[in-house]
Amino acid sequence: MLGLLGFYNELDGRPDQPNGSIRDAVQATGEPDEAGMVAYLDAGHVLIDVMEAGRDVITGSAHRHSLGCSSLVTDGAWLWRQDFPHYVEAHHVVLPEAFIAHVRGQNYQMPTLITAQFAPQYNETMPLVGWASAVPWRSTAAVLEPEPRAVTSKAQFDTAVSAQDRNRPHGSRHKPRKPRRA
């Protein structure tokens, strides 16, 4: 079975998720190498791409992984939601010691995925995260190499949001004010 990261009650709207409440996992500071952990999580193999948008369940704000937030990502040993790196970066959620050791042992580099080794673990794990109806893993490739994918950094996301706010007319988002007469 795959190790599970970021499957919190608040993210799925169902109690008794494998990782409990996210509020219990928040810390004031993260690991000294948290940036490396976040980069590793961002580089994972996308298994299931979900088209949805979500907000940070703690602050209510949009974040860099809002789009496709519950898509599933893996490194072949662990499974996490696509928005999990945001919670590590922004709220320093607790990471399991076994995961920290695993990432450091990989030198923060996403490994290749060996299909024959991964498929049984995937099929066993999916029902535990609410994906009992997921199609069993059947890849035609024997090995999946990590593919670089464009991931917006927190700084890039924050800059883009700030620029949007500066260019927005005064008033609420839903009902901007009429322009002032000269």
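Residues numbered from 1 in each chain as written. Predicted model: local features only at pLDDT ≥ 70, side-chain atom pairs only at ≥ 80, totals over all residues. Heavy atoms only, no water.

Among the nonpolar cores identified, the biggest contains 21 residues, and Trp 80, Phe 84, Val 93 and Phe 99 are the most heavily contacted of them. Elements with a minimum of two residues in this core: helix H2 (34-42), strand S4 (78-81), helix H3 (84-91) and helix H4 (97-105). When neighbours within four sequence positions are excluded, Val 93 is seen to be in contact with Tyr 8, Ile 22, Ala 25, Val 26, Gln 27, Phe 84, Tyr 87 and Val 88. (Core = buried A, V, L, I, M, F, W, Y, C linked by side-chain atoms within 4.5 Å. Buried < 20%, exposed > 50% of the residue type's maximum accessible area, 1.4 Å probe, protein only. Helix = DSSP H or I, 4+ residues; strand = E, 2+ residues; numbered from the N terminus. Contact = heavy atoms within 4.5 Å.)

Bringing H4 into the picture now. Residues of H4 that are buried: Phe 99, Ile 100, His 102 and Val 103. Down the axis of H4, the sector holding all buried residues measures 160°, keeping them to one side. Residues of H4 that are exposed and angled more than 90 degrees away from the buried face: Glu 97 and Gly 105. Each element contacted by the buried residues of H4 is listed here: strand S1 (3-5), H2 and S4. (Arc of directions from axis to C-beta.)

Before going further, it helps to examine the sheet that holds strand S3 (residues 72-74). What the four strands build is an open sheet, ordered S1-S4-S3-S2; its pairing is mixed. Edge strands, defined here as strands with exactly one partner in the open sheet, are S1 and strand S2 (45-48). Within the sheet, the average angular offset between the axes of one strand and its neighbour, ignoring direction, is 30°. Pairing of S2 with S3, which is carried by three bridges, proceeds in the antiparallel orientation. Bridged to His 45 within S3 is Thr 74. (Pairing = 2+ DSSP bridges. Axes fitted to C-alpha atoms, helices over the stretch in contact; angles between N-to-C directions.)

Another point: the packing of aromatic side chains. Note on aromatic pairs: each is described by the distance of the centres and the angle between the planes. Here the structure, examined in full by the defined rule, presents five aromatic pairs. With 5.4 Å between their ring centres and 80° between their planes, Trp 78 and Phe 99 make a pair best called edge-to-face. Taken together, the residues span a long stretch of sequence, with Trp 78 in strand S4 and Phe 99 in helix H4 at a distance of 21 residues. Residue Trp 78 shares its accessibility class with Phe 99, and that shared class is buried. Ring centres 5.8 Å apart and planes at 45° place the aromatic pair Phe 118 and Tyr 122 in the tilted group. (Phe/Tyr/Trp six-rings, centres within 6.5 Å; stacked < 30°, edge-to-face > 60°.)

Per-residue pLDDT for the protein chain averages 80, and the proportion of residues at 70 or more is 70%. Element-level mean pLDDT values for the protein chain span from 59 in helix H6 (residues 154-167) up to 98 in H4. (pLDDT = per-residue confidence, 0-100.)

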